[in-house]
Each structure stands twice: as C-alpha cells, then as structure tokens.
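Breakdown of the fold
So you can see what is in the structure, the chains are spelled out below.
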Amino acid sequence: QVQLVGSGGDLVQAGGSLRLSCAASGSTFSTMGWYRQAPGKQRELVALISSGGNTNYADSVKGRFTISRDNAKNTVYLQMNSLKPEDTAVYYCHAARYTAWGPTDYWGQGTQVTVSS
C-alpha cells in the first residue's frame, strides 16, 4: 500500500526558513513534489522533481525554495528560505507513478506552514 508521510511544517517569522520532508513507501515514483493550498484558494504546484533530478518550480518560489530527493530513502525534501506571509498554506506531498495504464497520483496528509509578518 502506498503511503506518503509529510512533516516539517511549523510557524515561522517572515524571512525565516523551514525544511519539509515527505517519506514514501509502497512504491517508487517517477516524480515527487509539493503542492500547497491557502485558505480560500485552489491547490497549486510549488515544486516537482523527477527520479533523474529534473526540477520544476512555481514562479513565486523560484530562488527561495529548493526541492531535492533521496531515491535510496524514497524521500523528497523542500528547503524553504526567505519565507513570506503569502507562503502560508497547507503543503501537500505528491508522487506520481506511471504504468501501462497511465499515471497514478498519490497525496500525503498535508503539513501546515504559517509565516507571520
């Protein structure tokens, strides 16, 4: 059974840093990453990383956030620096697996990040 367990969310002051982790089990994944959802807003992409290390970032976090992946541990990380109040959201770990039947998406339970001004 596939399971994604995210952690690392916290309350931090603007300008501070946090590191999110997401440990996956039950499968290996082509892509892993993070999405976020702020109150009253749609869930949006933050960053993705492929098994080969290719990355993709939302424009709003480029230069501040860094996604990385440890394939041996089946874990993805999100280093968040220079945090802003608008980064406040629930952050969801995401993983995708591609099979002959197409892609299958998996989600973690979410971890709250709150940035105070």
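Everything discussed here concerns the structure shown above.
Residues numbered from 1 in each chain as written. Predicted model: local features only at pLDDT ≥ 70, side-chain atom pairs only at ≥ 80, totals over all residues. Heavy atoms only, no water.

Turning to the state of the cysteines, a few remarks are in order. One pass over the structure, following the stated rule, counts 1 disulfide. Between cysteine 22 and cysteine 93 runs a disulfide, and the two sulfur atoms are separated by 2.0 Å. Across the disulfide from cysteine 22 to cysteine 93, rotation about the S-S bond amounts to roughly -85°, and the bridge is consequently left-handed. Of this pair, cysteine 22 sits in strand E3 (residues 18–25) while cysteine 93 sits in strand E9 (residues 89–99), and the two are 71 residues apart along the sequence. (Disulfide = S-S within 2.5 Å. Helix = DSSP H or I, 4+ residues; strand = E, 2+ residues; numbered from the N terminus.)

So, about the nonpolar core. In this structure, Trp34, Leu78, Met80 and Tyr91 are the most contacted members of the largest nonpolar core, which totals 29 residues. Contributing elements (two or more residues each) for this core: E3, strand E4 (31–37), strand E5 (44–50), strand E7 (65–70), strand E8 (75–80), E9 and strand E11 (111–116). In this structure, leucine 78 is in contact with Leu18, Arg19, Leu20, Trp34, Val46, Ala47, Phe65, Thr66, Ile67 and Tyr91, ignoring residues within four places of it in sequence. (Core = buried A, V, L, I, M, F, W, Y, C linked by side-chain atoms within 4.5 Å. Buried < 20%, exposed > 50% of the residue type's maximum accessible area, 1.4 Å probe, protein only. Contact = heavy atoms within 4.5 Å.)

Here we take up the side chain of threonine 111. Inspection of the secondary structure assignment puts threonine 111 in strand E11. At a separation of 3.0 Å, a polar atom in the side chain of threonine 111 contacts the main-chain amide nitrogen of glycine 9. For threonine 111, the residues in contact, after removing those within four places along its chain, are Ser7, Gly8, Gly9, Leu20, Trp34, Ala89, Val90 and Tyr91. (Polar contact = N/O pair within 3.5 Å; in protein donor to acceptor, adjacent residues only side chain to side chain.)

The strands making up a sheet associate through hydrogen bonds between their backbones, and the pairing can be parallel or antiparallel. Spatial strand order, E1-E3-E8-E7: 4 strands in an open sheet with antiparallel pairing. Edge positions in the sheet fall to strand E1 (3–7) and E7, since each of these pairs with one other strand and no more. Within the sheet, the average angular offset between the axes of one strand and its neighbour, ignoring direction, is 15°. (Pairing = 2+ DSSP bridges. Axes fitted to C-alpha atoms, helices over the stretch in contact; angles between N-to-C directions.)

Before going further, it helps to examine unusual backbone geometry. Even without being glycine, asparagine 74 reaches a positive phi, approximately 55°. Structurally, asparagine 74 is set in the loop between E7 and E8. We classify asparagine 74 as buried; its relative accessible area is 12%. Although it is not a glycine, serine 82 sits at a positive phi angle of roughly 50°. Turning to its location among the elements, serine 82 is positioned in the loop between E8 and E9.

Turning to the packing of aromatic side chains, a few remarks are in order. Each aromatic ring pair is characterised by the separation of its centres together with the angle its planes make. Counted by the stated rule, this structure contains 2 aromatic pairs. Ring geometry for phenylalanine 29 and tyrosine 106: centres 5.7 Å apart, planes at 65°, overall edge-to-face. A residue pair is termed long-range when its members are at least 10 positions apart, and phenylalanine 29 in the loop between E3 and E4 and tyrosine 106 in strand E10 (residues 102–107) qualify at 77 residues. Grouping residues by exposure puts phenylalanine 29 and tyrosine 106 together as buried. Look at tyrosine 35 and tryptophan 107: their rings are 5.0 Å apart centre to centre, the planes differ by 70°, and that puts the pair in the edge-to-face class. Here the residue tyrosine 35 occupies a position in strand E4, and tryptophan 107 occupies one in strand E10, the gap between them amounting to 72 residues. Classification of tryptophan 107 as partly exposed rests on a relative accessible area of 37%. In this arrangement the basic side chain of arginine 43 is found over the ring face of tryptophan 107, its NZ or CZ atom lying 4.7 Å from the centre. (Phe/Tyr/Trp six-rings, centres within 6.5 Å; stacked < 30°, edge-to-face > 60°. Lys NZ or Arg CZ within 6 Å of the ring centre and 35° of its normal.)

All we've got here are geometric facts, nothing functional implied.
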